[in-house]
Amino acid sequence: MIKSYRLEIGNRCNPRSLQRIAFAVNCISELSGVDLSKTYTIAFVSIRDIAIALRVALLSKGKEELGKVYNWEVINLIRLWGKVLSAYPKESGLRPLIYPYAQVTSGLMRLVPSPRNYGLRFHCARYLIDLMGSSGVYIPVASALLEALNCREVLKGKGGAAENARKQKKNGRGEKGNEKRIVKPLDWRCILRVSDNSLKSKHFREGVVNQCLLLLTKFLSTLSRSVALPEVAYPTLAGLRRFGKTVSTPAYSKQARQLVRIAEENCQLVLSLRARLDFGAKGVADYSCIESPLKFTKDKTPLEEFCEKLVQQEIEEAKAFDSGLTEVDELPEQESDSDVEEEDKKMEAAADRPLLLKAGSSGADENGDEEDVVEDLEISDEEIDEDESD
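What counts and how
All residue numbers refer to position in the chain's written sequence, counted from 1. It should be noted that, the model being predicted, local features are given only for residues of pLDDT at least 70 and side-chain atom pairs only at 80 or more, the latter also being counted only at that level, while totals for whole chains, interfaces and linings use all residues. The basis for every side-chain value is the complete set of non-hydrogen atoms in the structure, without hydrogens or water. In this description a helix means any DSSP run of H or I spanning at least four residues, a strand means any run of E spanning at least two, and both kinds are numbered starting from the N terminus. Surface accessibility follows the Shrake-Rupley procedure with a 1.4 Å probe radius. Residue values consider only the protein chains on display as shielding. To obtain an axis, a line is fitted to C-alpha atoms, over the contacting stretch when the element is a helix, and the angle between two such axes runs from 0 to 180 degrees between their N-to-C directions. Every angle not falling under 35 degrees, over 145, or within 65 to 115 is termed oblique; those three ranges are roughly parallel, roughly antiparallel and roughly perpendicular. In this analysis, two residues are considered to be in contact whenever any of their non-hydrogen atoms come within 4.5 Å of each other. Gly counts as polar in this scheme, as do all residues outside two lists: the nonpolar Ala, Val, Leu, Ile, Met, Phe, Trp, Tyr, Cys and Pro, and the charged Asp, Glu, Lys and Arg. Note on exposure labels: buried denotes an accessible area under 20% of the residue type's maximum, exposed denotes more than 50%, and partly exposed covers the range between, all computed with a 1.4 Å probe on protein chains only. For this text, the term disulfide refers to a pair of cysteine sulfurs within 2.5 Å. The predictor attaches a confidence to each residue, and that confidence, scored 0 to 100, is pLDDT. Residues enter a nonpolar core if they are buried and are Ala, Val, Leu, Ile, Met, Phe, Trp, Tyr or Cys, with the set joined through side-chain atoms within 4.5 Å. Two distance rules govern patches: like charges are joined within 9 Å, and nonpolar side chains (Val, Leu, Ile, Met, Phe, Trp, Tyr) within 5 Å, applied only to residues with over 30% relative accessible area and no salt bridge. In what follows, salt bridge is the name for a side-chain nitrogen of Lys or Arg lying within 4 Å of a carboxyl oxygen of Asp or Glu. Put simply, two rings from Phe, Tyr or Trp (the six-membered ring, in Trp's case) pair if the centres are within 6.5 Å, and we call them stacked under 30 degrees between planes, edge-to-face over 60, tilted for the rest.

Visitor: Quick question: what am I supposed to make of the overall build of the protein here?
Guide: Scanning the protein from N- to C-terminus turns up 19 helices and 0 strands. Surface exposure of the protein reaches about 20,700 Å², of which carbon and sulfur atoms provide 53%.

Here you go:
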């Protein structure tokens, strides 16, 4: 069953196959509880194979070795075993696998720190946070998300459409020139690696900020009832404050400040409840990192309420994306190392065609390949000046 999942279901991912993957993961997760000892053996071998491939990729840094771990087959296996470990977090038969799973997933998340691979980083961070919330084991994820949040593409990104319009007008280009370049919104559920065209787009910057803040909110929410929240959250909140001061887009700064404000409110609540305890740090030894001796009067903490709101927004955005899905939009705008040679051939073939096609015209084939070629060829003067300044 695991082999069929790995080779037939988990070897690809697009918006139309997400439900099938989720169904297979849930089925295997439930069946794993029938015989935990056998599940341990299968999971251990699978995680060990990923660890061996990851070690080879770390030592060689070659494209072929990186391709063996940077693919949907590996990511969907990480998704599967994360779900299994989250389903049986207290079982002694599977709990020893949490540490090697977290180590392998963290190493995979930081293997290639390029912004083009942030899709893979978000997937790994999501699985680790889910495991952290169900098992009560603290897993350091915030630093990788803060690193993605402070990338150059986000910090120095353009302020919005108004600023772009002013620069285009200054360069002698009007709205007509702006219509030539169309980049589709990114569905991060199905993206491991984005293209160079998407890397410079507003959709990429917004997506990175939204994903990082959502995952950081989930991370802090799992600790919102912990007696150690003020100390554990301090580095994360310091990084968010720094991001709010340095980012050039006011909307991103506002989002970060909002999360900091709610987290500080939760920290003050924990401090006030912690001051009422009649024992010190030694008395907390019987509790795990996330379990807390604190007695909360409300059903949900401020971070839990804010996290629930963001998750609901994410669900609504996913439904809106799926409702407008077309055959051309089925495959997300991303590329892999194996497609580089094919893309070069398409660029050479496109050199003989006129550059008057627009995205979505009849010149695109059923996979939208020619659309991407036209978008890549029509580079604005603003981007040329940006490259020369870099």
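Visitor: What's the story with the packing of helix 8 (residues 142-149) against helix 14 (residues 229-246) in this structure? I'm lost.
Guide: The relative placement of two packed helices is expressed as an angle between their axes plus a distance between the axes. Helix 14 packs onto helix 8 with a crossing angle of 5° between their chain directions and a minimal axis gap of 10 Å. Taken together, helix 8 and helix 14 sit at an angle that is classed as roughly parallel. Listed contacts from helix 14 to Ala142, Leu146 and Leu149 of helix 8 are Pro235, Thr236, Gly239, Leu240 and Phe243. In terms of residue class, the contact of helix 8 with helix 14 is built from 6 nonpolar, 2 polar and no charged.

Visitor: How should I be thinking about the environment of Arg116 in this particular structure?
Guide: Position of Arg116 among the secondary structure elements: in the loop between helix 6 (98-109) and helix 7 (118-135). Owing to a relative accessible area of 14%, Arg116 belongs among the buried residues under this scheme. Separated by 80 residues in sequence, Arg116 and Asp196 place their C-alpha atoms 7.6 Å apart.

Visitor: Would you explain the environment of Glu147 in this entry?
Guide: Mapped onto the elements of the fold, Glu147 is located in helix 8. Glu147 sits 34 residues away from Pro113 along the chain, and the two C-alpha atoms are 8.9 Å apart. Apart from the residues within four sequence positions on either side, Glu147 is in contact with Arg110, Pro113, Tyr118 and Arg121.

Visitor: Explain the state of the cysteines here, please?
Guide: Formally, a disulfide is one covalent bond, and it connects the sulfur atom of one cysteine to the sulfur atom of another. Taken as a whole, this structure holds 0 disulfides when the rule is applied. Note on Cys190: no disulfide assigned, nearest cysteine sulfur contributed by Cys13 at a separation of 4.2 Å.

Visitor: Quick question: what am I supposed to make of the confidence of the model for the protein here?
Guide: Should pLDDT be low for a region, the predicted coordinates there are not to be read in detail. Summarising the model, the protein shows a mean pLDDT of 78, and 72% of its residues fall at 70 or more. Mean pLDDT in the protein bottoms out at helix 18 (residues 369-377), which sits at 35, and peaks at helix 6, which reaches 95. Across residues 173-180 the pLDDT falls below 50, and counting only partners more than four positions away or on other chains, this stretch makes 7 contacts in the model. The low-confidence segment residues 343-390 (pLDDT under 50) makes 51 contacts with residues lying over four places distant or belonging to another chain.

Visitor: Honestly, the nonpolar core in this entry has me stumped. Any pointers?
Guide: If you look at soluble globular proteins, the nonpolar side chains tend to sit buried side by side. Counting 95 residues, the largest nonpolar core has Tyr101, Leu108, Phe122, Leu240 and Phe243 as the members making the most contacts within it. What Leu108 contacts, discounting residues up to four positions off in sequence, is Leu54, Val69, Tyr70, Val74, Ile75, Ile78, Leu120 and Cys124.

Visitor: Would you take a moment to explain a nonpolar patch on the surface for this structure?
Guide: On the surface, Met1, Leu31 and Val34 cluster together into a nonpolar patch covering about 350 Å² of accessible area. Tracing the backbone through its elements, the reader meets Leu31 in helix 2 (residues 18-32). When its relative accessible area of 47% is taken as the criterion, Leu31 is described as partly exposed.

Visitor: Would you explain the packing of aromatic side chains in this entry?
Guide: Think of a pair of aromatic rings as described by two things: how far the centres are apart, and how the planes are tilted against each other in angle. Under the criterion given, the structure shown has 5 aromatic pairs. For the pair Phe122 and Trp188, a centre-to-centre distance of 5.4 Å together with 70° between the ring planes defines the contact as edge-to-face. Of the two residues, Phe122 sits in helix 7 while Trp188 sits in the loop between helix 11 (175-179) and helix 12 (196-199), which places them 66 residues apart along the sequence. Taking relative accessible area as the criterion, Phe122 reaches 3% and is therefore assigned buried. You can call Trp188 buried: its relative accessible area is 9%. Arranged with centres 6.0 Å apart and planes meeting at 55°, the rings of Tyr138 and Phe219 form a pair that is tilted. Taken together, the residues span a long stretch of sequence, with Tyr138 in the loop between helix 7 and helix 8 and Phe219 in helix 13 (residues 202-222) at a distance of 81 residues. Grouping aromatic residues by their ring pairs yields a cluster made of Tyr118, Phe122, Trp188 and Phe204.

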